[in-house]
Amino acid sequence: KQLYGAYSLIPKKDKLIVYSSTNIFAYYPEQEKFERLFHIMPLNIKWSTVMLVDDKENYWIGSHEGLFFIRKNPFRLFPPNTHKTLEEVYSINQFTDGKIVAGTNRGRLYEITDTSAIPYFNDKKVFPKAEVFSSFTDEPGSIWFGSGYQGLSVWKKGTIQNFHITDGIADNTVTDFL
């Protein structure tokens, strides 16, 4: 099967979830077999940026058009732009407390539920202007965020602290945490 380039590869138990421009597949390495889970072309996603498979194996696709939510069984679509604030979704993460949080442009974060998008951290921005590309929760429970051009931010005990090149980090672009 043609994949037309994989946007995301997400390991889950005995399979690898492959998100391509046309489909979401499961790849089973022991059987060397692909299974198409969902055909996404009808969703008309023009500029996809990220995908998350949560603990319940629901699929979250972030794009410039908005956030798409696909429930595995039965498949259900959370329509994009139900909330105007969810345009330009750059990251989707499931935090240690189980909450699904989407990072958007202008440093905003939103907790996503089946029916709404709630401003996270009481609508405090983690970056003044940049997009939220990534997040990581460390052992003490601080949440770190990476941006396209405004460095790092950390949410720690109710406050946000930013770090830039002038503070000693190597680059103001932080697209992922390893």
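Going by the structure above, here's the rest.
Here is what the cut-offs are and how they apply
Here the residue index of a chain counts from 1 through its sequence in written order. Two thresholds apply to this predicted model, a pLDDT of at least 70 for residue-level local features and 80 or more for giving and counting side-chain atom pairs, whereas whole-chain, interface and lining totals are computed over all residues. Each side-chain value is derived from all of the structure's non-hydrogen atoms; neither hydrogens nor water enter the calculation. Helix and strand definitions follow DSSP, with helices as H or I runs of at least four residues and strands as E runs of at least two, each counted in order from the N terminus. Between two residues, a contact is recorded if the distance between any of their heavy atoms is within 4.5 Å. Type-normalised accessible area, obtained with a 1.4 Å probe on protein chains alone, sets the label of each residue: buried when under 20%, exposed when over 50%, and partly exposed for intermediate values. Here a polar contact means two N or O atoms within 3.5 Å. Within protein one must be a hydrogen donor candidate and the other an acceptor candidate, and residues neighboring in sequence count only if both atoms are side-chain atoms. Put simply, two rings from Phe, Tyr or Trp (the six-membered ring, in Trp's case) pair if the centres are within 6.5 Å, and we call them stacked under 30 degrees between planes, edge-to-face over 60, tilted for the rest. Salt bridge criterion: a side-chain nitrogen from Lys or Arg within 4 Å of a carboxyl oxygen from Asp or Glu. Strand pairing requires that DSSP identify at least two bridges connecting the strands. A fitted line through C-alpha atoms represents every axis, and for helices the fit uses only the stretch in contact; the resulting angles, taken between N-to-C directions, go from 0 to 180 degrees.

Engineer: Explain the environment of Ala102 here, please?
Structural biologist: Counting through the fold element by element, Ala102 comes out in strand β10 (residues 100-104). It is 5.6 Å that separates the C-alpha atoms of Ala102 and Ser91, two residues lying 11 residues apart in sequence. For Ala102, the residues in contact, after removing those within four places along its chain, are Leu86, Val89, Ser91, Ile92, Arg108, Leu109, Tyr110 and Ile112.

Engineer: Explanation requested: the side chain of Ser135 in the structure shown.
Structural biologist: With respect to the helices and strands, Ser135 occurs in strand β13 (residues 132-137). Note on Ser135: relative accessible area 14%, which makes it buried. A polar contact is formed between the side chain of Ser135 and the side chain of Asn93, at a distance of 2.7 Å. Setting aside anything within four residues of it in sequence, one finds Ser135 in contact with Asn93, Phe95, Ile143, Trp144, Phe145 and Phe177.

Engineer: Sorry, what's going on with the packing of aromatic side chains here?
Structural biologist: Two aromatic rings are characterised by how far apart their centres lie and by the angle between their planes. One pass over the full model with this rule turns up 9 aromatic pairs. A centroid spacing of 4.8 Å and a plane angle of 45° characterise the contact between Tyr27 and Phe34, whose relative ring orientation is tilted. A residue is classified by how much of its surface remains accessible, and Phe34, at 32% relative accessible area, is partly exposed. Clustering of aromatic rings is evident, with ring pairs tying together Phe95, Tyr120, Phe121, Phe145 and Trp155.

Engineer: Got a minute to help me understand the environment of Ile118 in this structure?
Structural biologist: Assignment of secondary structure puts Ile118 in strand β12 (residues 117-119). Owing to a relative accessible area of 37%, Ile118 belongs among the partly exposed residues under this scheme. Other than its neighbours up to four places away in sequence, Ile118 contacts Leu109, Tyr110, Glu111 and Thr113.

Engineer: Mind showing me how you'd approach the pattern of salt bridges here?
Structural biologist: Any two side chains of opposite charge can pair, on the condition that their charged atoms come close. One pass over the structure, following the stated rule, counts 3 salt bridges. The partner of Lys15 in a salt bridge is Glu57, with the nearest N and O atoms 3.4 Å apart. Separated by 42 residues along the polypeptide, Lys15 in strand β2 (residues 15-20) and Glu57 in the loop between β5 (48-53) and β6 (59-63) bring together distant segments of the chain. The residue Lys99 makes a salt bridge to Asp97 at a minimum N-O spacing of 4.0 Å. Of the residues examined, Lys99 reaches a relative accessible area of 32% and is grouped as partly exposed. Residue class for Asp97 comes out partly exposed when judged on its relative accessible area of 47%.

Engineer: Sorry if this is basic, but what is going on with the sheet that holds strand β15 (residues 152-156) here?
Structural biologist: Strand pairs in the sheet, formed through backbone hydrogen bonds, run parallel or antiparallel to each other. Read across the sheet, 4 strands follow the order β13-β14-β15-β16 without closing on themselves; strand pairing throughout is antiparallel. Among the strands making up the open sheet, the edge pair consists of β13 and β16 (159-163). Looking at each pair of strands side by side, their axes are set apart by 20° on average, direction ignored. Sheet analysis places β15 next to β16, joined by 5 bridges and oriented antiparallel.

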